[in-house]
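# Chain and residue survey
Residue-level listing of the chains:
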Amino acid sequence: MVSTSELESYLNDKSAKKGDRVKILSEGTIEVKEDAQNKKIKYKVLNLPVNLNGTLELIWSPGKLAVAALNKMFGTDTKTWVNKEFIVDLVKMQVKGELKEVIFPLPVEPIKK
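Computed from a prediction, not measured in an experiment: that's the story for all the values here.

We now examine the layout of surface pockets. Considering only enclosed or pocket space, the largest pocket measures out at about 1200 Å³ in volume. Taken together, 35 residues line the largest pocket, and the ones lying closest to its centre are Ser 61, Pro 62, Gly 63, Val 95 and Val 102. Contributions of two or more residues to the lining of the largest pocket are made by strand E2 (29-34), strand E3 (42-52), strand E4 (56-60), helix H1 (64-74), strand E5 (85-95) and strand E6 (98-107). At six residues, the largest contribution of residues to the lining of the largest pocket is made by E6. Among the residues making up the lining of the largest pocket, the classes are represented as 20 nonpolar, five polar and 10 charged.

Before going further, it helps to examine the environment of Ala 68. Structurally, the position occupied by Ala 68 is in helix H1. Counting along the chain gives 37 residues from Ala 68 to Pro 105, while the straight-line C-alpha distance between them is 9.8 Å.

Next up on the list: the nonpolar core. Within soluble globular proteins, side chains that are nonpolar tend to cluster in buried spots. Counting residues in hydrophobic clusters, the biggest one holds 20 residues, and the most contacted among them are Leu 11, Trp 60, Leu 70 and Phe 86. Secondary structure elements with two or more residues in this core: strand E1 (21-24), E3, E4, H1 and E5. Not counting residues within four places of it along the chain, the set of residues in contact with Trp 60 comprises Leu 11, Leu 46, Asn 47, Leu 48, Val 50, Ala 66, Leu 70, Phe 86, Ile 103 and Pro 105.

Conventions adopted
- Residues numbered from 1 in each chain as written.
- Predicted model: local features only at pLDDT ≥ 70, side-chain atom pairs only at ≥ 80, totals over all residues.
- Heavy atoms only, no water.
- 1 Å grid on protein atoms, 1.4 Å probe; cavity = no way out; pocket = protein on both sides within 12 Å on 5 of 7 lines; lining within 4 Å.
- Points joined across faces, edges and corners; volume = space filled by probe spheres on them.
- Helix = DSSP H or I, 4+ residues; strand = E, 2+ residues; numbered from the N terminus.
- Nonpolar A, V, L, I, M, F, W, Y, C, P; charged D, E, K, R; others polar.
- Core = buried A, V, L, I, M, F, W, Y, C linked by side-chain atoms within 4.5 Å.
- Buried < 20%, exposed > 50% of the residue type's maximum accessible area, 1.4 Å probe, protein only.
- Contact = heavy atoms within 4.5 Å.

And the structure:
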C-alpha cells in the first residue's frame, strides 16, 4: 500500500490526520510572502521543518493561533522548540474567506503552569 500523504511537501490536512505525532526538527525560518489578491500587501510566515510520525519530513507553516499554542507549550524562542513534539488536531477555520481544516498543535503531556 502507498500512502498519498507521502506526495505532500507540507504538513496540512492532506498529509496528517487527527492524533498524528509531529516532531519539530529545527528553529525554522521566516518567509515574507505577497498576498495573492493584492501584491502590495506583504506578510510573514514561519516555516518549520517537522517530522510526521517518525517517517515523513515536511514543512509546516503554522497560523497565528497555532503559533500562540506553540508559544504556550514551548516558549516564544523557536530554538527551544527543536526536538519537541505535539499531537495533531484538525480544526475548521476561515482562511482567506474559505472554511478549511488546519493543523492545531496539542501538547503530548499536560502543560505545566
